[in-house]
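Next come the chains, spelled out residue by residue.
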Amino acid sequence: MDHISLFASMLRSRFFEEALEKAAAKGLVYGTYHLSIGQEAVSAGLSASLRDGDWIVPTHRCHGYNACRGSDLSAMFSEIFGSRHGLCKGMGGSMHMTDMATYNLGSSAVVGSGIGLAGGLALAMKMRGKDNIAVAIFGDGASSRGILYEVMNAASVYHLPLLFLLENNHYGMSAAAERMIAAPGIHSRAEGFLVPSRKIDGNDVLAVAEAVEEARNHILSSRTPYFIEAETYRQCGHSRSDKLLYRSRREEEEWKGKDPIQLFRSFLILSGLLTETELDEMALSVRSEVEEALRKAEETRNDRLCAGEMEKLVYAPAAVIGSSAGRTHDGSYREAIREALDEILSSDPKAFLLGEDIGKYGGCFGVTGKLSEKYPDRVIETPVSEEGFTSMAAGSAMMGMHPIVEVMYGDFSTLSSDAVINHAAKAHFMSGGQLSCPMVYRTPIGGLTGHGPQHTQCMETMFLGIPGLKVVAPSDPYSAKALLKSAAKDENPVLFFEHKALYDAEGLIGDESAYLPLGKAIVHGRGGKLLFIGYSRPFARGRSVLAGFCSDITFIDLATIYPLDKETIEREFLRVGKALIVEDTPLGGSVAESVLSIVSALPNYRAGRCRILHALSMPLPPSREGEECVLPGDSAIRDAAEALLSL
């Protein structure tokens, strides 16, 4: 163990944060930050025992981990200042310091949610046969989050190379752990998942380094995860605005007597490894290094990305895919999706499926069928833990894998939403372009199947307006296969919503050469009297109802509902001037409202020449009659079209 490097590492973390506080006092820092003063032994000890290729996912209290793993200190200051010279070009800030060069995925500001990403890194390592580990770093407050237990269970079931590292500093913000945690030792909870664990003195840097070294060796030799609880203490407040009203001064003084830097300094002197003079000189050298880094960052602190540059970071560059078609054959919507999955798995070794009951059962709606027999190592069944396995999928995607997640019902997207909205959607932006998240998220939506209020919601509107996501909802077998294959080639997270009432719908299916571009509406016909606009089941139903009703209608299948194909909508409305928009969701915050906002800004828009048919603002009842009352039906579509055609 290199004792000198360990001491310098702790000093670098401490001096960085002390300099940050001084910069904030001078008005140089906008927003908040979270300091780890007093916890340096954990970040330094961990970093000393990891190898190149071992990845970490820290907490929002992340400066120490960046500093100890070797991130450029000036780039760290610049990141906090919001400068383009920061680790993430100023897009991550204090709480999101991704640094791919030092195997740091970046931290999460959502307490505990980085644990799932770390699980995904470990899954990717296992699938690639890497001889490395991933480390999920979290605090005592996060030990009350369900994501921890979902991932511990999955890591144990899948034998993942994952180290759970708990920094127990005794406070989750202001709430004392002893009041909030019903366990004498948090690490003991790991035993219920057959995960070996131990508790260590987190203020003893040598104890941390040795424990991590042993854990790493155990993980790689036994192919099982490991759990370490490191007891430590933050000598500062939770965040910049914390007045520390919830702790006694006596308690704080007692823990200052256990300061990890002072303890290790004393050890080095007493052991004869370094003299006081040598340690003072080392401290002076490290402090000068930090001060020089701050000075350099201050010089360029106002050199920030412009709006246009920031906008380019919302989406990772995606493959340019046009429309292509070969031979076709008849089949169902369900079969079309299964064919797409089969072709994706056969052509892309990085692709894999992840979800509940997708193996022998074939998926809740029979979509995956017997794919698990053909690809036994890449059709991975999961426990019932939507947040956990979706987070793991996102983490694996950030490591370059191409996961395709199946969530049994769209309604359960509320459970997966943290991984989708806070991580997958923002990874490219927050990392300043270092990360991408090429993940496909498949789930069935909609009613007319009698599944009741919690299994029939059209949850796609929940994800509209989330920058970084692409949201797709195909209406027929051909587009379902062609769009899913395109989604699997995209470098961004794509949400793929399949309507349950369409699974048995028959139609043409393209061969392996069939693709359709994401973000482009599909136009059928060139009628000049009315536009019919929709997506998914309502579009399919409306086209069927109106096809024989009037031959002069243009049908626009939006297909990608976020971002919308504004160009096609504008072009066709300028040509026709009247539109009927149909959807299965309530009106508020819907796709139809977005379409209406586009056409209403056009010069030929006239009040009364656009109409929206939408679901009533209520959950879908379980009876067939109840569903038909809530959703726009055939007669409503015909009546609305007839009224608009008569204008």
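Let me sum up the structure you'll find in this document. (Residues numbered from 1 in each chain as written. Predicted model: local features only at pLDDT ≥ 70, side-chain atom pairs only at ≥ 80, totals over all residues. Heavy atoms only, no water.)

Turning to the overall build of the chain, a few remarks are in order. On a plain count of helices and strands, the chain comes out with 23 helices and 21 strands. Computed over C-alpha atoms, the radius of gyration of the chain comes to 28 Å, within 12% of the 26 Å expected from 2.2 N^0.38 for 647 residues, which places it in the range of a compact globule. Counting only residues that meet the buried cut, the chain has 60% of its 647 residues in that class. The long-range share in the chain, meaning contacts at least 24 apart out of those at least 6 apart in sequence, stands at 79%. Within the chain, one finds 64 positive and 81 negative side-chain charges whose respective centroids are separated by 4 Å. (Helix = DSSP H or I, 4+ residues; strand = E, 2+ residues; numbered from the N terminus. Rg over C-alpha atoms; globule rule 2.2 N^0.38 Å. Buried < 20%, exposed > 50% of the residue type's maximum accessible area, 1.4 Å probe, protein only. Contact = heavy atoms within 4.5 Å. Lys, Arg positive; Asp, Glu negative; His and termini not counted. Charge placed at Lys NZ, Arg CZ, Asp CG, Glu CD.)

We now examine empty space enclosed by the protein. In the structure shown here, the tally under the stated rule is six cavities of 30 Å³ or more. Its boundaries defined by the atoms lining it, the largest cavity holds a volume of some 120 Å³. What lines the largest cavity is a set of 14 residues, among which T98, L105, S107, M430 and L435 lie closest to the centre. Residues belonging to the lining of the largest cavity are distributed by class as follows: six nonpolar, seven polar and one charged. Its boundaries defined by the atoms lining it, the second largest cavity holds a volume of some 50 Å³. Lining the second largest cavity are C364, F365, V367, E406, M408, R442, T443, P444, E498 and Y503. By residue number, the principal contributor to the lining of the second largest cavity is strand 12 (residues 440-445), which donates three residues. (1 Å grid on protein atoms, 1.4 Å probe; cavity = no way out; pocket = protein on both sides within 12 Å on 5 of 7 lines; lining within 4 Å. Points joined across faces, edges and corners; volume = space filled by probe spheres on them. Nonpolar A, V, L, I, M, F, W, Y, C, P; charged D, E, K, R; others polar.)

This next bit is on the side chain of S107. With respect to the helices and strands, S107 occurs in the loop between helix 4 (73-81) and helix 5 (114-128). What makes S107 buried here is its relative accessible area of 7%. Discounting residues that sit within four places of it in the chain, S107 has contacts with P58, T59, H60, C62, M95, H96 and M97.

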